[in-house]
Amino acid sequence: MTIELEFMYEVRAEIGTPQIVGKTPAGIRIIFPVLGGTVRGPVLNAEILPQAGGDWTMLRPDGSTSLDVRTVCKAENGDLIYCTYGGRMYADTDEGLALGADMSKPDPDVGKDQYYLRINPLYETASETYGWLNKVVAIGTGQTGAGGLRYQVYQVK
């Protein structure tokens, strides 16, 4: 048995001012609103709808960050696609963690090798055109910077 990956699209998402819930029994909860963005690639071109999603991030006691993201995008044909994903972000050094958390850098490639950021998107849509997404498992790798996030997403074949 083998796993193959096929590039689907790149996401560029703008992130708003976080709401810091604070230290809970599970860790430090921070909610990042997703203000909008783009999805561009060979299988999907869409706009991330503004104010229609967010990331309910948990800074865990082990030093890693748990992602819980929900967004809605509007495909170029007008169809809506709901995307949810979990993920992990982790850095071995304080410098790497700071680089991964700093969304003010103009160049998202700065420091990208000093932190780990991976996601696992799943989709829901009523679209006939994009209904195949309902059956897909995807994975992605991400970077922070330029006021948001950038992900490259791949279908697991």
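Note that the structure is a prediction, hence the values are computed from the model and not measured.

A. A look at the side chain of Thr 125. Following the sequence through the fold, Thr 125 ends up in the loop between β8 (116-124) and β9 (138-145). On the accessibility criterion, Thr 125 (15% relative accessible area) is buried. Separated by 3.1 Å, the side chain of Thr 125 and the backbone nitrogen of Ser 127 make a polar contact. Discounting residues that sit within four places of it in the chain, Thr 125 has contacts with Leu 80, Ile 81, Tyr 130, Gly 131 and Asn 134.

B. Region of the structure containing the nonpolar core. In terms of nonpolar packing, the biggest core is built from 32 residues, with Met 8, Tyr 9, Leu 44, Ile 81, Tyr 123, Tyr 151 and Val 153 touching the most fellow members. Sorting the residues of this core by element identifies β1 (5-15), β3 (27-40), β4 (46-48), β6 (65-75), β7 (80-90), β8 and β10 (148-156) as the ones contributing at least two each. At 5 residues, β1 tops the list of elements feeding residues into this core.

C. Quick peek at a nonpolar patch on the surface. A grouping of Ile 3, Leu 5 and Ile 139 is seen on the molecular surface, where their side chains present a nonpolar patch of about 290 Å² in accessible area. With respect to the element layout, Ile 139 can be found in strand β9.

D. Spotlight on the state of the cysteines. Following the criterion strictly, the structure yields 0 disulfides and no others. Cysteine Cys 83 is unpaired, with the sulfur of Cys 73 as its nearest cysteine sulfur at 7.2 Å.

E. The arrangement of the confidence of the model for the protein chain in detail. Chain-level pLDDT for the protein chain is 88 on average; 85% of the residues reach the 70-or-more range. Taken element by element, the protein chain is modelled with least confidence in helix α1 (residues 94-101), mean pLDDT 56, and with most confidence in β4, mean pLDDT 98.

F. Layout of the environment of Glu 128. Structurally, the position occupied by Glu 128 is in the loop between β8 and β9. For the pair Glu 128 and Asp 79, spaced 49 residues apart in sequence, the C-alpha to C-alpha distance is 8.8 Å.

G. Main features of the side chain of Thr 57. Mapping Thr 57 onto the fold places it in strand β5 (residues 54-59). A polar contact is formed between the side chain of Thr 57 and the side chain of Asp 55, at a distance of 3.0 Å. With residues up to four places along the chain from it excluded, the contact list for Thr 57 reads Ile 28, Arg 29, Ile 30, Phe 32, Thr 65, Ser 66 and Leu 67.

H. Molecular detail of the environment of Val 39. Here Val 39 lies in strand β3. We classify Val 39 as buried; its relative accessible area is 5%. Separated by 26 residues in sequence, Val 39 and Ala 13 place their C-alpha atoms 8.6 Å apart. Those residues in contact with Val 39 that sit more than four places away from it in its chain are Tyr 9, Glu 10, Val 11, Leu 44, Asn 45, Ala 46 and Ile 48.

I. Highlighting the pattern of salt bridges. The full count for this structure, using the stated rule, is 5 salt bridges. One salt bridge in this structure joins Glu 6 and Lys 157, with 3.2 Å as the shortest N-O distance. Placement of the pair is Glu 6 in strand β1 and Lys 157 in the segment after β10, with a sequence separation of 151 residues. Of the charged contacts in the structure, one is a salt bridge between Arg 40 and Glu 47, with a shortest N-O distance of 2.4 Å.

Rules behind the numbers
Within every chain, residues take consecutive numbers counted from 1 along the sequence as written. Predicted model: local features are reported for residues with pLDDT of at least 70 only, side-chain atom pairs are reported and counted for 80 or more only, and whole-chain, interface and lining totals are derived from all residues. Calculated side-chain values reflect all of the structure's heavy atoms, with hydrogen atoms and water omitted. Numbering of helices and strands runs from the N terminus; a helix is a DSSP stretch of H or I covering at least four residues, while a strand is a stretch of E covering at least two. Type-normalised accessible area, obtained with a 1.4 Å probe on protein chains alone, sets the label of each residue: buried when under 20%, exposed when over 50%, and partly exposed for intermediate values. Polar contact is defined as a pair of N or O atoms within 3.5 Å, subject to the rule that within protein one atom must be able to donate a hydrogen and the other to accept it, and that residues adjacent in sequence are counted only when both atoms are side-chain atoms. Residue contacts follow a heavy-atom distance rule, with two residues in contact if any of their heavy atoms lie within 4.5 Å. Only buried residues count toward a nonpolar core, which is a set of Ala, Val, Leu, Ile, Met, Phe, Trp, Tyr and Cys residues joined through side-chain atoms within 4.5 Å. Grouping into patches uses exposed residues only, defined as over 30% relative accessible area, and leaves out salt-bridged ones; the cut-off is 9 Å for like charges and 5 Å for nonpolar side chains (Val, Leu, Ile, Met, Phe, Trp, Tyr). Note on areas: Shrake-Rupley, 1.4 Å probe, and residue coverage restricted to the protein chains presented here. Salt-bridge detection follows one rule: a side-chain nitrogen of Lys or Arg within 4 Å of a carboxyl oxygen of Asp or Glu. Here, the term disulfide refers to a pair of cysteine sulfur atoms separated by no more than 2.5 Å. Each residue carries a pLDDT score, the predictor's own confidence in it, on a scale running from 0 to 100.

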